[in-house]
Amino acid sequence: MLHRKRGSTTPSQAVRFHLFLASWLTVAGGLFAPARASTTNDLLAQNTQPARDSVGAAPVQRYTPATSALAAKPKANSIHLSGGLFAPIETNAPSPMVGLRLGRRLGAHLQGGLLVDWVLERKNVEQPINTLPGLQPHLILARASGSLVPVMAFFEVSLTEKRFLVPYGGIAAGYEWLSLKADDFVTGESASATYANYAWQGWGGMGIRLDQGLRVDFELSYNGGSLERDAPNSNGLREAVRVNGVGARVGLDIRY
Amino acid sequence: MSPRFAARRIVPLLASCLSFAAPAFAAPAPALGPNVWSMQLDGGLYAPIQGSGASPTAGVRYCKHFSPHLQGGMFSAWSFKRAKLEAPTGGQGSDSQVELARVDANLVPLMGFLQVDLTDRFLVPFFGFGVGYEWLMLHSFDHRTGAQEKSRYANLAWQTFAGVGLQLTTIWRVNSELYYNGGSLEREVRLPDGTVQREAVDVNGVGLRVGLDMKFD
């Protein structure tokens, strides 16, 4: 068998073997590195970044404490922000409303707390000012406005605490105020009156649970009450305004 | 360069370089820390119900993410609308118009808002609600009388919006949404006899906007 004669610049067989071994170790080490790097990153994500909150689409490992009972402890308080429409039965004029419920968990499906709402209705008597195009300013000749504010204690029952859809219902009782104000800007006259009395509310709806701490609620409500005041310039006579009506509102239930 | 030289020197060298480069490509996308914020730049059209036609609008939203589904912060925008009163010049066969009057309107809301993302997948339906203050600057020119007036209206106002986002990466999202702006902006005018008049402009209207949302921490 013929072999090429080894020249003076050709490395020996031992040197070639070591070069070969070193290059393959280098390649193998480099290719092995991604797996090591990702494993290290996973461990870092699991153990050192407690609130990497998976805000994006990519799944991110959450920090889980060693005590599982602590992680499973339900959040005790809730705040419910809502907005919608309220239509008194006797006037049939839907008015915008906003509401706030502060609740505390009393049992597996029961919470109780305080609520406050604000229903505002405002009507202007206006006349156009000019005939220019675009957004038209109007002169306000008179204005009437009414604010209905209930402050009540409530109980609410959720039929499930685990499912995606959460049927729920609640009832509340407390005090309610109705403030009416009228201004005639032409004559400068104004008048106001405040009515108040005990009142109650009931509601039922369906919530969509987005995560353990957040629920989107859609609900129908009923407000019942007859608010009163002493009639002016009369001996012992009382005026009353019925504020019975139905409402529809969308809310956010935030647990903390 | 002989094939043997390439096989013995170049290929191992390239393989070494590639193997060292591999970890960089395999590294995960930059993850966000515990305090996630986001900023959205958007643009679109806004059409006041009492105005004639739509006008361009541009805005910015800056908010904190309280959870993967809930965020809250502040937003502002700027809508510009120009309305003209024109009349034909009267020349036969001519389409030219003469401008009789013009009103420029600049509407600027500044509101706090809450937004709910219904999912955290690629398609993200969302809705939100904002309450705050809104300003309207009107600049009117009546070329017939030579009158020119600047007036500013302001009041509490609100917005609600709903749309769909495309979560392109962990960081970037494209949102398209419809919104409703509600408000009656007012000003007081003191007349020479000392009486005060109140004027109001109804700025209720609907809009459409597309925005680029970027998360950061």
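Residues numbered from 1 in each chain as written. Chains lettered and ligands numbered in written order. Predicted model: local features only at pLDDT ≥ 70, side-chain atom pairs only at ≥ 80, totals over all residues.

Caption draft 1: Highlighting the overall build of chain B. Counting its secondary structure elements, chain B contains one helix and nine strands. Secondary structure elements in chain B, listed N-terminal to C-terminal, are α-β-β-β-β-β-β-β-β-β. Nonlocal contacts in chain B, meaning residues at least 24 apart in sequence, comprise 55% of its contacts between residues at least 6 apart. (Helix = DSSP H or I, 4+ residues; strand = E, 2+ residues; numbered from the N terminus. Contact = placed C-beta atoms within 7 Å.)

Caption draft 2: Structural view of the nonpolar core. The biggest cluster of nonpolar side chains holds 14 residues, and the ones touching the most others in it are Ala105, Leu136, Leu138, Leu185, Val201 and Val203 of chain B. Secondary-structure elements contributing two or more residues to this core are strand E4 (97-117), strand E5 (123-142) and strand E8 (196-202) of chain B. Sorting elements by how many residues they give to this core places E4 of chain B first, with four residues. Excluding anything up to four places from it in sequence, valine 201 of chain B contacts Leu135 and Pro137 of chain A together with Leu136, Tyr153 and Leu185 of chain B. In this structure, Leu178, Tyr195, Ala199 and Val243 of chain A belong to the second largest nonpolar core, which totals nine residues. (Core = buried A, V, L, I, M, F, W, Y, C linked by C-beta atoms within 7 Å. Buried ≥ 20, exposed ≤ 12 C-beta atoms within 10 Å, placed from the backbone.)

Caption draft 3: A look at the pairing of strand E3 (residues 70-88) of chain B. Residue and element names in this part refer to chain B. Relative to E3, strand E2 (residues 55-65) is paired through nine bridges, and the arrangement is antiparallel. Within E3, the residue paired with valine 60 across the bridge is serine 76. Joining the antiparallel neighbours E2 and E3 is a turn of four residues. In this sheet, E4 lies alongside E3 in antiparallel orientation, the contact comprising 17 bridges. Note on E4: the bridge partner recorded for proline 88 is glutamine 97. (Pairing = 2+ DSSP bridges.)

Caption draft 4: Seen up close, the pairing of E5 of chain B. Residue and element names in this part refer to chain B. As defined by bridge partners, E4 adjoins E5 across 17 bridges and the pair is classed as antiparallel. Residue pairing in the sheet places alanine 105 in a bridge with leucine 138 of E5. Counted along the chain from E4 to the antiparallel partner E5, the turn is five residues long. In this sheet, strand E6 (residues 147-167) lies alongside E5 in antiparallel orientation, the contact comprising 20 bridges.

Caption draft 5: A look at the environment of serine 140 of chain B. Position of serine 140 of chain B relative to the elements: it lies in strand E5. Among the residues examined, serine 140 of chain B registers 20 C-beta atoms within 10 Å and is labelled buried. Taking the C-alpha atoms as reference points, serine 140 of chain B and alanine 31 of chain B, 109 residues apart in sequence, are found 51 Å from one another. Here serine 140 of chain B is in contact with Leu132 of chain A together with Val103 and Glu149 of chain B, once residues within four sequence places are set aside.

Caption draft 6: Spotlight on the confidence of the model for chain B. Residues and elements named next belong to chain B. In the predicted model, chain B carries a mean pLDDT of 87, and the fraction of residues at 70 or more is 85%. Confidence over residues 20-27 falls short of pLDDT 50; this stretch has twelve contacts with residues more than four positions distant or in other chains. Overall fold confidence (pTM) sits at 0.74, and the ipTM for the predicted complex is 0.74. (pLDDT = per-residue confidence, 0-100.)

Caption draft 7: Structural detail: the environment of phenylalanine 164 of chain A. All names here are of chain A. With respect to the secondary-structure elements, phenylalanine 164 resides in the loop between strand E4 (138-158) and strand E5 (165-184). Separated by 43 residues in the primary sequence, phenylalanine 164 and glycine 207 have C-alpha atoms spaced 8.1 Å apart. The contact partners of phenylalanine 164, leaving out residues within four places of it in the chain, are Ile208 and Arg209.

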